[in-house]
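# Chain and residue survey
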Amino acid sequence: MSVIRKYQFVSPAVKRVSQYLILPVAILVIWQLLSQAGLIKPLILPPPTKVAGAFWELLSSGQLPKHIWISILRVSEGFGLAALVGIVMGIGIGLSRTLDRLTDLVIQVLRPIPPIAWIPLAILWFGIDELSKIYIIFLGAFFPVFVNVIEGIRNTDQRFIEVARILEVPRWKLIRQVVIPGVLPYIMTGLRVSLGVAWMCVVAAELIAANQGVGYLINDARQLSQTDVVLVGMITIGVTGKVMDSMLKRLENRLVGWKISYSGD
Amino acid sequence: MQSPAGSTLVIQNLNKKFKTRENEIIALQDINLNIHQGEFISIVGRSGCGKSTLLRVIAGLENDYEGLVVLGNKQISRPGLDRGMVFQEHRLLPWLKIKDNVAFGLADNLGGEKIRIVQEHINLVGLTGFEKAYPHQLSGGMAQRVAIARALVNRPQVLLLDEPFGALDALTRIQMQQEILRIWEAEKTTMILVTHDIDEAVYLGDRVVVMSSRPGTVKKIVPVALARPRDRSSYDFIQIRKAIYSEFFADAEKPFAYAI
């Protein structure tokens, strides 16, 4: 009885929001309490209040916006290029067996090479400026989109192909109205994975050779033992990545609204 | 090949085998059937008797068969606009609106004519007002109506129906049977319906082709000389249904009879 009565006073919206917040708030509270009790050394992990202070300082000095903006720019350029090339190449190779055979070996050998392993070459080729970072991000973000597009084309529903054959639908119309829309959910999945990889790549590239960007900010702070700044950089990447992923998810819902997906109980 | 007078679809000595790695499965054996223009043919048989394969051969989806399958003096070897098909699942493209699904098989060079043809067929299947809906917003029966409209837009001579109402609930199925009769009378299309529902076969068909399984052969062709609309509870209807029923279950009853 008491359980039933309790829920009558909590609106579903409040309940939903609080379900989202319980875990992060709990982590922050425990982290703060452990720090104040002296169980965690500030150099290893400064308390949330100190991290918040560093965040505010970096924000008001304009340092954080400058670095994060550079990183966002790099990610957008590398990821955008990877998405474009990945989708176009994926559709081309997915539709043509000949093109597939011509490119297969090269792609399969290049794919397992981690983008980070390209950093030395990228610096030799493009220097330590923008171009080398964009190149690394492109390499990392390209494969998830590319592989997903091909997978999507290979998974085109054969039953729709039969319908198109019976109706003598011409090939280009089949591609436009059956194959491409069927691939869209795969493209979106690929894009979301790619975006995550793009952030990994930008930070890795900036950690190794850069004079601006969040990765540089983190590495610089590490050398000066400013653990709180390191954490600010990390959390900023996390939040920015999450925001960009949400934007992609929105786009996905708009583009593939016809697809009813299961979102858990 | 000259077809007998009044026949649109002639099937003679049709054999169809499926080869697997180890052995050969005979799906259809020595099928002979003449179907007249505008006729409604029901084909009943157990699952796996090859009735769907027969339909796929007529559709042109299976082309390595032996024998003659001739539509209007032309041997069938591939799909064509003279044949439409409706499957058990509606197979509508989930990302296209109803009107675009219906227009899927129409050539793009029709211009304004295209819009008229699409609307005409949406009206024909009784879905006026649902032009802009998406397939997932429709019930199973409505989706199947769209599939019928899509199959009819090019005015095929023959409409092939592969258990089109098999997945619908009993009440919707009866409603759809009446609906397909209305469309048949309006469009004068030759209909070939595959089903495992004897009641449906007798209700709809001018003739009922009974198929036996493994290998798939035509066991019997039962004419249904009853005026439409047919009364499913009339004496004649029940007699015909009984006759077809015994084609399937007589074998099982025989040992029982001998035991007495």
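Notes on the structure follow.

## With respect to the overall build of chain B
In terms of regular secondary structure, chain B is built from seven helices and 10 strands. In terms of overall dimensions, chain B is globule-like: its C-alpha atoms have a radius of gyration of 19 Å, near the 18 Å expected for 260 residues. Expressed along its principal axes, the backbone C-alpha trace of chain B runs to roughly 70 × 40 × 40 Å. Counting only residues that meet the buried cut, chain B has 52% of its 260 residues in that class.

## Notes on the overall build of chain A
Helix and strand content of chain A: 11 helices and zero strands. Secondary structure elements of chain A, listed N to C terminal, follow the sequence α-α-α-α-α-α-α-α-α-α-α. Taken over C-alpha atoms, the radius of gyration comes to 24 Å for chain A, far larger than the 18 Å a tight globule of 265 residues would show. Seen through its principal axes, chain A has C-alpha atoms that stretch 75 × 70 × 30 Å. Residues counted as buried form 42% of the 265 residues belonging to chain A. Considering only intrachain contacts with a sequence separation of at least 6, the fraction spanning at least 24 residues in chain A is 72%. About 15,800 Å² of surface is accessible on chain A, with carbon and sulfur atoms providing 68% of the total. Here chain A holds 25 positive side-chain charges and 16 negative ones, and the gap between their average locations is 7 Å.

## Remarks on empty space enclosed by the protein
Inspection of every chain in the model, using the stated rule, returns three cavities of 30 Å³ or more. Volume-wise, the largest cavity comes out at about 60 Å³. Along its surface, the largest cavity is lined by Ile 119, Ile 123, Ile 128, Ser 132, Lys 133, Ile 136, Ala 205, Ile 208 and Ala 209 of chain A. Among the elements that take part in the lining of the largest cavity, helix α7 (residues 130-154) of chain A stands out by supplying three residues, more than any other. Considering the residues around the second largest cavity, the lining is formed by Val 163, Ile 166 and Leu 167 of chain A together with Met 85, Phe 87, Ala 147, Arg 150 and Ala 151 of chain B. Secondary structure elements with two or more residues in the lining of the second largest cavity: α8 (158-166) of chain A together with α4 (140-152) of chain B. When residues in the lining of the second largest cavity are grouped by element, the largest group, three residues, is from α4 of chain B. Taken together, the residues of the lining of the second largest cavity break down into seven nonpolar, no polar and one charged.

## Structural notes on the environment of Leu 110 of chain A
All names here are of chain A. Structurally, Leu 110 can be placed in helix α5 (residues 97-110). With a relative accessible area of 33%, Leu 110 lands in the partly exposed category. Setting aside its immediate chain neighbours within four residues, Leu 110 contacts Trp 118 and Phe 143.

## Observations concerning the interface of chain A and chain B
Of the residues lining the interface, 20 residues belong to chain A; the matching set on chain B comes to 27 residues. Both faces combined, the contact of chain A with chain B buries some 2,100 Å², and carbon together with sulfur accounts for 64% of it. When the area that chain A buries against chain B is broken down by residue, the three leading residues are Ile 166, Leu 167 and Trp 258 of chain A, summing to 30%. The interface formed by chain A and chain B includes five salt bridges. Residue Glu 162 of chain A pairs with Arg 91 of chain B through a salt bridge whose shortest N-O separation is 2.9 Å. On the surface where chain A and chain B come into contact, there are eight residue pairs in polar contact (both at pLDDT 80 or more).

## Considerations on the nonpolar core
One recurring pattern in soluble globular proteins is that nonpolar side chains are buried together. Judged by nonpolar contacts, the single largest core of 53 residues is most densely connected at Val 75, Phe 79, Phe 146, Val 149, Leu 191, Leu 195 and Trp 199 of chain A. Put simply, the parts of the chain that give this core at least two residues each are α3 (48-61), α4 (63-95), α6 (119-126), α7, α9 (171-208), α10 (214-223) and α11 (227-255) of chain A. Considering each element in turn, this core owes the most residues, 13 residues, to α7 of chain A. Discounting chain neighbours no more than four positions away, the residues touching Leu 191 of chain A are Phe 79, Ala 83, Val 145 and Leu 248 of chain A. The next biggest cluster of nonpolar side chains, apart from the first, holds 49 residues, and it includes Leu 127, Ile 148, Leu 168 and Val 222 of chain B.

## Quick word on the pattern of salt bridges
In this structure the tally under the stated criterion is 35 salt bridges over all chains. Linking Glu 162 of chain A and Arg 56 of chain B is a salt bridge whose minimum nitrogen-to-oxygen distance equals 2.7 Å. Of this pair, Glu 162 of chain A sits in helix α8 while Arg 56 of chain B sits in helix α1 (residues 51-59), which puts the two residues in different chains. Glu 162 of chain A gets classed as buried once you look at its relative accessible area, which sits at 15%. Between Glu 252 of chain A and Arg 192 of chain A there is a salt bridge, and its shortest N-O distance comes to 3.2 Å. Of this pair, Glu 252 of chain A sits in helix α11 while Arg 192 of chain A sits in helix α9, placing them 60 residues apart in sequence. Under the relative-accessibility criterion, Arg 192 of chain A is labelled partly exposed at 27%. A single network of salt bridges, built from pairs that share partners, joins Asp 157, Arg 159 and Glu 162 of chain A together with Lys 16, Arg 56, Glu 62, Asp 64, Glu 89 and Arg 91 of chain B.

## Some points on the packing of aromatic side chains
Ring pairs (aromatic) are described by centroid distance and by the angle formed between their planes. Residue and element names in this part refer to chain A. Counted under the stated rule, the structure contains 11 aromatic pairs over all chains. Ring centres 5.0 Å apart and planes at 20 degrees place the aromatic pair Phe 142 and Phe 146 in the stacked group. You can see Phe 142 and its partner Phe 146 sitting in helix α7, four residues apart, about one turn around the helix. Neither Phe 142 nor Phe 146 differs from the other in exposure class; each is buried. Clustering of aromatic rings is evident, with ring pairs tying together Trp 118, Trp 125, Phe 126 and Tyr 135.

The rules behind the values
Residues numbered from 1 in each chain as written. Chains lettered and ligands numbered in written order. Predicted model: local features only at pLDDT ≥ 70, side-chain atom pairs only at ≥ 80, totals over all residues. Heavy atoms only, no water. Helix = DSSP H or I, 4+ residues; strand = E, 2+ residues; numbered from the N terminus. Rg over C-alpha atoms; globule rule 2.2 N^0.38 Å. Buried < 20%, exposed > 50% of the residue type's maximum accessible area, 1.4 Å probe, protein only. Contact = heavy atoms within 4.5 Å. Areas by Shrake-Rupley, 256 points an atom, 1.4 Å probe, with all protein chains shown as cover. Lys, Arg positive; Asp, Glu negative; His and termini not counted. Charge placed at Lys NZ, Arg CZ, Asp CG, Glu CD. 1 Å grid on protein atoms, 1.4 Å probe; cavity = no way out; pocket = protein on both sides within 12 Å on 5 of 7 lines; lining within 4 Å. Points joined across faces, edges and corners; volume = space filled by probe spheres on them. Nonpolar A, V, L, I, M, F, W, Y, C, P; charged D, E, K, R; others polar. Buried area = accessible area lost by both parts, 1.4 Å probe. Salt bridge = Lys/Arg side-chain N within 4 Å of Asp/Glu carboxyl O. Polar contact = N/O pair within 3.5 Å; in protein donor to acceptor, adjacent residues only side chain to side chain. Core = buried A, V, L, I, M, F, W, Y, C linked by side-chain atoms within 4.5 Å. Phe/Tyr/Trp six-rings, centres within 6.5 Å; stacked < 30°, edge-to-face > 60°.

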